[in-house]
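Residue-level structural notes
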Amino acid sequence: DLHSFPTRRSSDLHIGKEAAPKLPAIYVEFNPPFVVNFDAKGVMRFLQVSIQVMTRDHETSEMVKLHEPKIRNNMLLLLGSQTLDTISTTEAKEELRKKALETIAKVVDDEGGEGKKVEDLYFTSFVMQ
């Protein structure tokens, strides 16, 4: 009997696939902080940045720790290439944050991991003098 089945409203149907529950975040801190000098319109200044990356994948967190020397090298090159203009506004710092995340993800990719699993990067301290 076709009428004995409960009717389904469209609001009962889930569009797309169910999202898997997120694994807990794993933060990897780089110690000591990154310190570079940079050109501020002809005057050498210093930038000290503390950074943590976030992943939800244990293997990726271990890969970040294992390859910290290569990551530190690439991050120092990136940070040292900045100018006062490229780090003085919130928008500029956000752009630098994205480039830093890409830099670390690329190291993970290059070493056989999945760079996309490095989900985010945070500046936990950002000091110019």
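What comes next is a walk through the structure. Since the model is a prediction, treat every value here as computed from it, not as a measurement. Sequence positions are assigned chain by chain, starting from 1 and proceeding in written order. Local features in this predicted model are restricted to residues whose pLDDT is 70 or higher, and side-chain atom pairs enter the listing and the counts only when it is 80 or higher, whereas totals over whole chains, interfaces and linings include all residues. Think of the side-chain values as coming from all heavy atoms in the structure, minus any hydrogens and water.

1. Description of the overall build of the protein
- When helices and strands are tallied, the protein shows 4 helices and 4 strands.
- Secondary structure elements in the protein, listed N-terminal to C-terminal, are β-β-β-α-α-α-α-β.
- Each residue gets one of three labels from its accessible area relative to the maximum for its type: buried under 20%, exposed over 50%, partly exposed in between, using a 1.4 Å probe on protein chains only. Going through the 129 residues of the protein one by one, you find that 31% of them count as buried.
- Contacts in the protein between residues at least 24 apart in sequence constitute 72% of all its contacts with a sequence separation of at least 6. Only DSSP runs of H or I with at least four residues qualify as helices, and only runs of E with at least two residues qualify as strands; both kinds are numbered from the N terminus onward. In this description, contact between two residues means that some pair of their heavy atoms is separated by no more than 4.5 Å.

2. A few points about the nonpolar core
- By nonpolar core we mean a set of buried residues, namely Ala, Val, Leu, Ile, Met, Phe, Trp, Tyr and Cys, connected to one another through side-chain atoms within 4.5 Å. Judged by nonpolar contacts, the single largest core of 25 residues is most densely connected at Phe30, Val53, Val64, Met75 and Ile104.
- Those elements giving two or more residues to this core turn out to be β2 (34-40), β3 (43-55), α1 (58-66), α2 (68-80), α4 (90-110) and β4 (118-128).
- At 6 residues, α4 tops the list of elements feeding residues into this core.
- Setting aside chain neighbours within four positions, we find Ile104 in contact with Phe30, Val53, Ile71, Met75, Val118 and Leu121.

3. Considering the packing of aromatic side chains
- Centre distance within 6.5 Å is the pairing criterion for rings of Phe, Tyr and Trp, where only the six-membered ring of Trp is used; planes under 30 degrees apart are then read as stacked, over 60 as edge-to-face, and the remainder as tilted. As enumerated under the stated definition, the model contains 3 aromatic pairs in all.
- Arg72 extends its terminal NZ or CZ atom over the ring of Phe34, reaching a point 4.5 Å from the ring centre. Think of it as a cone above the ring: NZ of Lys or CZ of Arg counts as a charge over the ring if it is within 6 Å of the ring centre and within 35 degrees of the ring normal.

4. A few points about the side chain of Thr55
- Tracing the chain through its elements places Thr55 in strand β3.
- By the criterion applied in these results, polar contacts are pairs of N or O atoms within 3.5 Å in which, for protein atoms, one can donate a hydrogen and the other can accept it, and in which residues neighboring in sequence qualify only through two side-chain atoms. Side-chain polar atoms of Thr55 contact the backbone nitrogen of Asp57, separated by 3.1 Å.
- In terms of polar contacts, Thr55 uses its side chain to reach the backbone carbonyl oxygen of Lys117, at 2.6 Å.
- With residues up to four places along the chain from it excluded, the contact list for Thr55 reads Pro24, Ala25, Ile26, Thr60, Ser61, Lys117, Val118 and Glu119.

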